[in-house]
Amino acid sequence: MNLALIDQLDLLRAQFSGISIPDQVWGELTEGDAGLNALRELRDEGFLNVVEVERSDLFIEILRQLDRGETAAICYAIGQDAELILLDEKEGRRVARDHGLTVTGVIGVLLKGANAGNVDLERELAALREAGFWISDALYSQVLKNAEK
């Protein structure tokens, strides 16, 4: 959703062959209007594959710590032995790593795009902030510094 808000969904196409998204996450994404048309387009093209994730013992265990969407994403990634999971919330990232998953998020996608020469990182980080994505000043500076290397 955050990439849709800053008109950078093409970065997903450039970096991934497709993305599976639990129906619980799809439900969260479609609660608002912002960026919704672009996300529906990705789904209709088959790039976003909405999948069902059932409530298992692991789902119930993780749900004690996280919301339904993050829980479903982590359970699906574990069940599919996914190479990577896209999460932005700090606690969700911690739980995913505790379960052996490799994690990236919107900033990681932007960094990879910047390294490929496809993104003005400073402009897009500022746009994320304007869209309501919280980035601490320390992380903002660190990301820009790392991108210069």
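Just above sits the structure.
Residues numbered from 1 in each chain as written. Predicted model: local features only at pLDDT ≥ 70, side-chain atom pairs only at ≥ 80, totals over all residues. Heavy atoms only, no water.

Here we look at the packing of aromatic side chains
1) Next: According to the stated counting rule, one finds zero aromatic pairs in the structure shown.
2) Next: Directly above the ring of Y140 sits R129, whose terminal nitrogen or CZ lies 4.3 Å from the centroid. (Phe/Tyr/Trp six-rings, centres within 6.5 Å; stacked < 30°, edge-to-face > 60°. Lys NZ or Arg CZ within 6 Å of the ring centre and 35° of its normal.)

Remarks on the environment of G113
1) Next: Along the polypeptide, G113 turns up in helix α8 (residues 106-115).
2) Next: When the C-alpha atoms of G113 and L84 are compared, they prove to be 17 Å apart, with 29 residues separating the residues in sequence.
3) Next: With near-sequence residues (within four places) excluded, G113 lies in contact with L11, Q15, N118 and V119. (Helix = DSSP H or I, 4+ residues; strand = E, 2+ residues; numbered from the N terminus. Contact = heavy atoms within 4.5 Å.)

Some remarks on a negative patch on the surface
1) Next: Together, E28, E31, D67, D88 and E89 make up a region of like negative charge exposed at the surface.
2) Next: Inspection of the secondary structure puts D88 in the loop between β3 (85-86) and α7 (90-98).
3) Next: Since its relative accessible area comes to 33%, D88 is described here as partly exposed. (Patch = residues over 30% accessible without salt bridge, like charges linked within 9 Å, V, L, I, M, F, W, Y side chains within 5 Å. Areas by Shrake-Rupley, 256 points an atom, 1.4 Å probe, with all protein chains shown as cover. Salt bridge = Lys/Arg side-chain N within 4 Å of Asp/Glu carboxyl O. Lys, Arg positive; Asp, Glu negative; His and termini not counted. Charge placed at Lys NZ, Arg CZ, Asp CG, Glu CD. Buried < 20%, exposed > 50% of the residue type's maximum accessible area, 1.4 Å probe, protein only.)

A few points about unusual backbone geometry
The general pattern is negative phi for most residues beyond glycine and trans for most peptide bonds.
1) Next: The backbone of D7 sits at a positive phi, close to 60 degrees, despite the residue not being glycine.
2) Next: Looking at where D7 falls in the secondary structure, it is placed in the loop between α1 (2-5) and α2 (10-15).
3) Next: A relative accessible area of 68% places D7 in the exposed class.
4) Next: In this structure, D81 is a non-glycine residue whose phi angle is positive, near 50 degrees.
5) Next: Here D81 lies in the loop between α6 (68-79) and β3.

Things to note about the packing of helix α9 (residues 121-130) against helix α10 (residues 137-148)
1) Next: Close contact between α9 and α10 brings their axes to 10 Å; oriented N to C, the two are set at 160 degrees. Taken as axis vectors, α9 and α10 run roughly antiparallel relative to one another. With respect to the hand of their crossing, α9 and α10 are arranged in right-handed fashion. Together, L121, E122, L125, A126 and R129 of α9 and D137, Y140, V143, L144 and A147 of α10 make up the contact between the two elements.
2) Next: By residue class, the composition of the contact of α9 with α10 is seven nonpolar, no polar and three charged. (Axes fitted to C-alpha atoms, helices over the stretch in contact; angles between N-to-C directions. Parallel < 35°, antiparallel > 145°, perpendicular 65-115°, else oblique. Left-handed = near helix turned anticlockwise from the far one by under 90°. Nonpolar A, V, L, I, M, F, W, Y, C, P; charged D, E, K, R; others polar.)

Looking at the packing of α8 against α9
1) Next: Relative orientation of the contacting elements α8 and α9 amounts to 160 degrees, with a least axis distance of 10 Å. Regarding the angle of α8 to α9, the classification is roughly antiparallel. With respect to the hand of their crossing, α8 and α9 are arranged in right-handed fashion. Touching V106, I107, L110, L111 and A114 of α8 are L121, E124, L125 and L128, all from α9.
2) Next: Among the residues making up the contact of α8 with α9, the classes are represented as eight nonpolar, no polar and one charged.

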